[in-house]
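Observations on chain architecture
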Amino acid sequence: MTVPVLTIDGPSGAGKGTVSRAVAKKLGWNYLDSGSIYRSLAVAALKQQADLEDEAAIVNIARAMVLEFDCGDELIVKLDGEDISAQLGLEGTGNAASVVAALPEVRSVLLQKQKDFKQLPGLVADGRDMGTVVFPDAENKVFLTASAAERAKRRYKQLIEKGNDANLAQITHEIEERDRRDMERKAAPLAMASDALYIDSSDMTLESVIDEVLNLIQ
Ligand code: DC
């Protein structure tokens with residue numbers, strides 16, 4: 001039996017996670033947060049004080065790590081039995097994830113881990129290369145983006161609401177830097193699949209983005 005797949009790709013901070021989770025819940029489908037796999041690898045590499053650009057070292061860490069996911073309302077991830085969920089959302093983890101994700105061999109090691117999420121009754125897969133590399137045959141594909149300024153503003157608001165210190169200029173700079181790295185890398189760069197629906201969420205409410213994605217499926 002074929003498993004329906006919906007891919008949602010786009011740059012960081014476009015709202016992919018929130019939209020994907022809501023759509024998966026509504027459809028009763030499984031959810032793959034592929035960024036959390038790269039983030040988990042970043043946590044493992046930082047913990048071992050590995051050089052993030054040393055491909056052989058990072059590949060070894062990627063091969064050895066054992067990840068367990070619990071994709072409930074809040075994502076829980078265990079790395080080698082230890083709950084690392086709290087570290088996944090940190091800015092430093094995201095930036096390190098973007099560095100290790102640029103290594104081609106690392107991406108191929110992590111490919112199967114992502115494909116394993118494709119299970120009945122269906123899958124919503126969120127990332128950068130879901131529609132282009134990991135699930136190129138997906139029936140439904142979305143490319144969700146927003147202007148860098150709007151994404152930085154949303155991230156800033158999130159951090160302040162959580163009681164963290166935040167600097168809008170620095171966040172904007174980091175977002176632009178991450179976009180550049182994710183789009184310019186040779187291996188599976190962030191790109192829109194030719195058969196994807198393009199959604200710019202800069203001036204849209206979350207609800208209207210979710211509705212537009214659900215309309216595509218129905
Ligand atoms: O979606 P995210 O912010 O959690 O992703 C963190 C980093 O992981 C992102 O900057 C690039 C990398 N990534 C990737 O290369 N491919 C994916 N499918 C998902 C994430």
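The notes below deal with the structure included here. Please read these numbers as outputs of a predicted model, since none were measured by experiment.

Take the sheet that holds strand 3 (residues 67–71) next. Taken in spatial order, the 3 strands of this open sheet run 3-4-5, and their pairing is antiparallel. Bordering the open sheet on either side are strand 3 and strand 5 (82–83), each of which pairs with just one other strand. Pairing of strand 4 (residues 75–79) with strand 5, which is carried by 2 bridges, proceeds in the antiparallel orientation. Bridged to Leu79 within strand 5 is Glu82. Contacting strand 3, strand 4 and strand 5, helix 2 (residues 34–47) runs over the sheet at an angle of about 40° to strand 4.

As a further point, take the pattern of salt bridges. Counted by the stated rule, this structure contains 12 salt bridges. Notably, a salt bridge pairs Lys47 with Glu82, separated by 2.6 Å at the nearest N-O pair. Pair noted here: Lys47 is in helix 2 and Glu82 is in strand 5, with a separation of 35 residues, a long-range link. Among the salt bridges present, the one from Asp195 reaches Lys141, with a minimum N-O distance of 3.3 Å. Of this pair, Asp195 sits in the loop between helix 9 (168–184) and strand 8 (197–200) while Lys141 sits in strand 7 (residues 140–145); the two residues are 54 residues apart in sequence, bridging distant segments of the chain. Take Asp195: its relative accessible area is 47%, and that puts it in the partly exposed class.

With that settled, the discussion passes to the site of the ligand. Near the ligand you find 15 residues, and of these Arg39, Arg107, Arg128, Asp129 and Arg185 are the closest. A distance of 2.9 Å separates a nitrogen atom of the ligand from a polar side-chain atom of Asp129. For the ligand, an oxygen atom lies 3.0 Å from a polar atom in the side chain of Asp182. A total of 450 Å² of accessible area belongs to the ligand in isolation, and the protein chains cover 95% of it. Broken down by secondary-structure element, the contributors of at least two residues to the shell around the ligand are helix 2, helix 5 (91–100) and helix 9. The leading source of residues in the shell around the ligand is helix 2, at 4 residues. Grouping the constituent residues of the shell around the ligand by class yields 4 nonpolar, 4 polar and 7 charged.

A few words on the nonpolar core. Counting residues in each nonpolar core, the largest one holds 37 residues, and the members touching the most others are Leu32, Leu41, Ile58, Leu110 and Phe135. Element by element, the count of residues in this core is highest for helix 2, at 7 residues. Formed by 16 residues, the second largest nonpolar core is a distinct cluster that contains Leu6, Val19, Val124 and Leu214.

Moving on, we get to helix 2. With 14 residues, helix 2 should cover 20 Å at 1.5 Å per step; its first-to-last C-alpha distance of 20 Å lies within 8% of that length. Of all 14 residues in helix 2, 10 are buried, a share of seventy percent or more. The set of residues buried in helix 2 consists of Ser34, Ser36, Ile37, Tyr38, Ser40, Leu41, Ala42, Val43, Ala44 and Ala45. In the segment just after helix 2, Gln49 is the residue with positive phi, at about 50°.

What follows covers the side chain of Arg151. Counting through the fold element by element, Arg151 comes out in helix 8 (residues 148–161). A polar side-chain atom of Arg151 sits 2.8 Å from the main-chain carbonyl oxygen of Ser12. Setting aside its immediate chain neighbours within four residues, Arg151 contacts Pro11, Ser12, Gly13, Ala14, Ala146, Ile175 and Asp179.

Further remarks concern the environment of Asp33. Looking at the element boundaries, Asp33 is found in strand 2 (residues 30–33). Accessibility expressed as a relative area gives 16% for Asp33, which makes it buried. When neighbours within four sequence positions are excluded, Asp33 is seen to be in contact with Arg21, Leu75 and Asp126.

Looking now at the packing of aromatic side chains. Following the criterion strictly, the structure yields 2 aromatic pairs and no others. When the centroid spacing of 5.5 Å and the interplanar angle of 75° are considered together, the rings of Phe69 and Phe117 count as edge-to-face. Of this pair, Phe69 sits in strand 3 while Phe117 sits in the loop between helix 6 (104–115) and strand 6 (123–127), and the two are 48 residues apart along the sequence. Accessibility expressed as a relative area gives 26% for Phe69, which makes it partly exposed. Note on Phe117: relative accessible area 18%, which makes it buried.

Calculation notes
- Residues numbered from 1 in each chain as written.
- Predicted model: local features only at pLDDT ≥ 70, side-chain atom pairs only at ≥ 80, totals over all residues.
- Heavy atoms only, no water.
- Pairing = 2+ DSSP bridges.
- Helix = DSSP H or I, 4+ residues; strand = E, 2+ residues; numbered from the N terminus.
- Contact = heavy atoms within 4.5 Å.
- Axes fitted to C-alpha atoms, helices over the stretch in contact; angles between N-to-C directions.
- Salt bridge = Lys/Arg side-chain N within 4 Å of Asp/Glu carboxyl O.
- Buried < 20%, exposed > 50% of the residue type's maximum accessible area, 1.4 Å probe, protein only.
- Near = heavy atom within 4 Å.
- Polar contact = N/O pair within 3.5 Å; in protein donor to acceptor, adjacent residues only side chain to side chain.
- Areas by Shrake-Rupley, 256 points an atom, 1.4 Å probe, with all protein chains shown as cover.
- Nonpolar A, V, L, I, M, F, W, Y, C, P; charged D, E, K, R; others polar.
- Core = buried A, V, L, I, M, F, W, Y, C linked by side-chain atoms within 4.5 Å.
- Expected span 1.5 Å × (residues − 1).
- Phe/Tyr/Trp six-rings, centres within 6.5 Å; stacked < 30°, edge-to-face > 60°.

Structural measurements only, silent on function.
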